[in-house]
Amino acid sequence: MVEVSTSAVPLADAERRSPVSRFARWLASERVFRLIPFVMVEALFILVVLIPFVLTVWISLLKWRANRPFETARFTGLENYETVLTSDQFWLALGRTFYFAGFAVALELVLGFVLAMLVSRCTWSKKVYTTIFLIPMMIVPIVVGYNFSMIYIDSGPLNQILAPFLERFGIDPRIRWLSHPVAAQWAIILADVWQWTSLTFLIFLSGFAALPRQLVNAARVMGASPWQTFWRVELPLLKPAIVIAVIIRSMEALKLFDPVVLLTFGGPGTSTQTVAYFLWEQVWVFNKFSFGAAASILLLFIFSALIFFGVYMLVSQRRAVEGSP
Amino acid sequence: MTSAQADIAAKGARARKVRRGRVHRIVRHAALLAWTAFITFPIFWMVSTSFKDSGEWVAWPPHWLPHEPTLHNYAQIFAFGALDPTLSRQATEQAFTIWKGLGDAMLVCTSASLLALLLGTFLAYSISRFNVGGKYFRHTILMIRMIPPIVIAIAILIYYAIIIPYATSALFGVRVSLFDTYIGLVLIYTVTTLPFVIWMMLTFIDEVPYTLEHAARLMGAGRFEVLRRIVLPLVASGMVVTFLFVFILNWAEFLLALTLTHPEVTTLTVLLNKFQSAAEGRLYGPQAAIGTVVTIPVVILGLLIQKHLVKGFSFGTIRK
């Protein structure tokens, strides 16, 4: 730091005169300096997110298919929106997304919580378990989809394990799990649980590690049973971690796409089409760009309420965690 | 209760506690080991499949370990140039080798992560020190991340593949398209990971005491000098962690890559999805080999930054 001062001070006078240094000084003045990164990032966002969105709104008002020249497009007002809103497929896909997300997140929360509780009581083996349990989170989702597709195929290990039970009832053990609508849906939920329980586990583990020991010990000393300590002391203290885990996981689960592509391609029929997959198919397979644009704008509206609520909850929980007003 | 009675009661309680503790421990480890088996099995199956020859991929009953281990799958995906007849499974135009995908993925992920890191760190510093963008700017950034990528993907596709070519040919007479280009993919990856960078770097920069900078400023250092010589060295390790975290996210990204690139730019996730052929159905073996190759580096990187993962995934709401 001494070095900084000796080099900067004598130069200051000489630098003041040249236009380049004057420009540098203008940049370094607080009024300008604080805005440099802001302007850069905002410019990037306007260029890559805002302009496309405005144009998407415009496209969604046109009647036009991608296999025809753009000049043939004509303005039709809100017709595309009407098509989307009256499309059963869209609403079913949306409902299915919530159904997947609901079950997957609930299972992940319970399993992650139990695992974190068990691991936090371990002593020497804590590090080993934590390291192993975190691995699924880092595996590329598309690879997870592939792994599970190998396990579910008709001659896969799952059927081999089930074979002794099934053969007793005279059922052919080579079941095609992914060809049955409900089984395929639960196959996707299971793959999601496999991967993302590691995240809820990690969040809860940090929660358990941050529990103030003296409060828990005080409850013990005052004669609370372990059961009481858990429900009355530990669980309320863990509430912020639980809320954070719910929000983060639900937001991610609603985006579900990768395992669907690798496991089922939305099938059999449309029974595993999530809303992301449905839109993708409409645009890339059927070239319905205007329909896709209208649907994505609607989806943004539907989700924005959830997003707003989610961010609000996250931020308020963060305040609770940090204890600042 | 006299003290002697209390003593005996306490001893009994302790003995019960020890016994119960042992039972608890056994149950606990049994549950944890069961979960460990559940976690490791799919990974084990992938690695095992990657060493199987085509006859064993879907054999019934399945082979847990390859009966005749072979490196054929790896030889196939790591082959240079045209495949010689011993390696190619049939005459399709399938791109079997991984090199193009690996190169593209490295190029796109590295440049997007670096760009996001530079912009994000600078902005995080500005937010932390000068409260740029107002009180709720941090939260606005977070909302960008919560938008489902499919919504962005459709808008960006229309923008890259239709609007930009149409506009440029109308204005300048040259069709310029960002669809299926490195720049297009890097830009969108930068934007989608910026919120993570900003929130993670905020947790690191908030920890640097302002008094240090203040002292340096008083001694005559310019703003850029303070940033370069005081702040950056102190948050360097945080930057490395953030870079690795964002790199893992980009490496795993599939939807945007699938949407915004078609024949030319191929990241590894897209390549893995392409391994289907009409003649033989899905090529499970090479897929397993690619899966293994894709997984190993990110798992290693992830375990390196294990301590900070929770900070990243929870947007800094949980800080340790």
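Observations concerning the overall build of chain A
So, step 1. Scanning chain A from terminus to terminus reveals 16 helices and two strands.
So, step 2. A compact globule built from 325 residues would reach a C-alpha radius of gyration of about 20 Å, whereas chain A, at 27 Å, exceeds it by more than 25%.
So, step 3. Considered along the principal axes of its C-alpha atoms, chain A spans approximately 95 × 80 × 35 Å.
So, step 4. The burial tally for chain A puts 37% of its 325 residues in the buried class.
So, step 5. The contacts in chain A between residues at least 6 apart in sequence include a share of 69% that link residues at least 24 apart.

Considerations on the overall build of chain B
So, step 1. Helix and strand counts for chain B come out as twelve helices and two strands.
So, step 2. Along the chain direction, N to C, the helices and strands of chain B fall in the order α-α-α-α-α-α-α-α-α-α-β-β-α-α.
So, step 3. Taking 320 residues into account, the globule formula puts the C-alpha radius of gyration at 20 Å, and chain B, at 27 Å, lies well above it.
So, step 4. Along the longest, intermediate and shortest principal axes, the C-alpha atoms of chain B span 95 × 70 × 35 Å.
So, step 5. When burial is assessed residue by residue, chain B has 43% of its 320 residues classed as buried.
So, step 6. For chain B, restricting intrachain contacts to residue pairs at least 6 apart in sequence, the fraction spanning at least 24 positions comes to 69%.

Considerations on the interface of chain A and chain B
So, step 1. Contact residues are listed per partner, giving 87 residues for chain A and 79 residues for chain B.
So, step 2. Top contributing element to the side of chain A that touches chain B by residue count: helix H16 (residues 289-322) of chain A, with 15 residues.
So, step 3. Split by residue class, the side of chain A that touches chain B holds 69 nonpolar, twelve polar and six charged.

Here's the deal with the domain arrangement of chain B
Residue and element names in this part refer to chain B.
So, step 1. Domains assigned within chain B are domain 1 (3-77) and domain 2 (99-313).
So, step 2. Between the C-alpha centres of domain 1 and domain 2 there is a distance of 35 Å.
So, step 3. Domain 1 puts twelve residues into the contact, and the matching count from domain 2 is eight residues.
So, step 4. Along the lines of polarity and charge, the residues of the side of domain 1 that touches domain 2 split into six nonpolar, five polar and one charged.

Topic: helix H11 (residues 284-304) of chain B
So, step 1. Across its 21 residues, H11(B) extends 30 Å between first and last C-alpha, which sits within 8% of the 30 Å expected from 1.5 Å per residue.
So, step 2. Listed in full, the buried residues belonging to H11(B) are B:Tyr284, B:Gly285, B:Pro286, B:Gln287, B:Ala288, B:Ala289, B:Ile290, B:Gly291, B:Val294 and B:Thr295.

Quick notes on the domain arrangement of chain A
All names here are of chain A.
So, step 1. Partitioning chain A into domains gives domain 1 (2-78) and domain 2 (80-322).
So, step 2. The distance between the C-alpha centroids of domain 1 and domain 2 comes to 37 Å.
So, step 3. If you look at the interface, domain 1 gives eleven residues, while domain 2 gives eleven residues.
So, step 4. The set of elements that each furnish at least two residues to the side of domain 1 that touches domain 2 consists of helix H4 (36-60) and strand E1 (62-63).
So, step 5. Top element by residues in the side of domain 1 that touches domain 2 is H4. It accounts for four residues.
So, step 6. A per-class count over the side of domain 1 that touches domain 2 returns six nonpolar, three polar and two charged.

Brief notes about the environment of A:Phe165
So, step 1. Of note, A:Phe165 is situated in helix H9 (residues 157-168).
So, step 2. Each C-alpha atom of the pair A:Phe165 and A:Tyr277 lies 36 Å from the other, and the pair is 112 residues apart in sequence.

Observations regarding the packing of H4(A) against helix H3 (residues 99-130) of chain B
So, step 1. The contact between H4(A) and H3(B) brings their axes to 8 Å, and the two run at 130°. Taken together, the axis directions place H4(A) and H3(B) in an arrangement best described as oblique. Every pair of crossing elements has a handedness; the one defined by H4(A) and H3(B) is left-handed. Counted together, A:Pro37, A:Phe38, A:Met40 and A:Val41 of H4(A) and B:Leu119, B:Phe122, B:Leu123 and B:Ser126 of H3(B) form the full contact between these two elements.
So, step 2. The class makeup of the residues in the contact of H4(A) with H3(B) is seven nonpolar, one polar and no charged.

A word on the nonpolar core
Note that soluble globular proteins tend to have their nonpolar side chains buried in a common cluster.
So, step 1. Core analysis: the largest hydrophobic core is formed by 170 residues, its most contacted members being B:Ile154 and B:Ile158.
So, step 2. Here this core takes 16 residues from helix H6 (residues 182-205) of chain B, the largest share from any one element.
So, step 3. The residues touching B:Ile154, leaving out its near neighbours within four places in the chain, are A:Thr56, A:Leu279, A:Val283, A:Gly292, A:Ala293 and A:Ser296.

Some remarks on the confidence of the model for chain B
So, step 1. Summarising the model, chain B shows a mean pLDDT of 83, and 91% of its residues fall at 70 or more.
So, step 2. Predicted complex metrics record ipTM = 0.84 and pTM = 0.86.

Let's talk about the confidence of the model for chain A
Residue and element names in this part refer to chain A.
So, step 1. Looking at chain A, pLDDT values average 83 and 90% of them are 70 or higher.
So, step 2. Between the elements of chain A, mean pLDDT differs from a low of 48, seen in helix H1 (residues 2-15), to a high of 92, seen in helix H6 (residues 88-121).
So, step 3. Of the regions scoring below 50 in pLDDT, residues 1-9 engages in 16 contacts with residues more than four places distant in sequence or in other chains.

Re unusual backbone geometry
So, step 1. In the Ramachandran plot, A:Asn287 falls in the positive-phi region, its phi being about 60° despite a non-glycine side chain.
So, step 2. Examined against the element boundaries, A:Asn287 turns out to sit in the loop between helix H15 (275-284) and H16.

Each value, and the rule that gives it
Residues numbered from 1 in each chain as written. Chains lettered and ligands numbered in written order. Predicted model: local features only at pLDDT ≥ 70, side-chain atom pairs only at ≥ 80, totals over all residues. Helix = DSSP H or I, 4+ residues; strand = E, 2+ residues; numbered from the N terminus. Rg over C-alpha atoms; globule rule 2.2 N^0.38 Å. Buried ≥ 20, exposed ≤ 12 C-beta atoms within 10 Å, placed from the backbone. Contact = placed C-beta atoms within 7 Å. Nonpolar A, V, L, I, M, F, W, Y, C, P; charged D, E, K, R; others polar. Domains from an automatic or database assignment. Expected span 1.5 Å × (residues − 1). Axes fitted to C-alpha atoms, helices over the stretch in contact; angles between N-to-C directions. Parallel < 35°, antiparallel > 145°, perpendicular 65-115°, else oblique. Left-handed = near helix turned anticlockwise from the far one by under 90°. Core = buried A, V, L, I, M, F, W, Y, C linked by C-beta atoms within 7 Å. pLDDT = per-residue confidence, 0-100.

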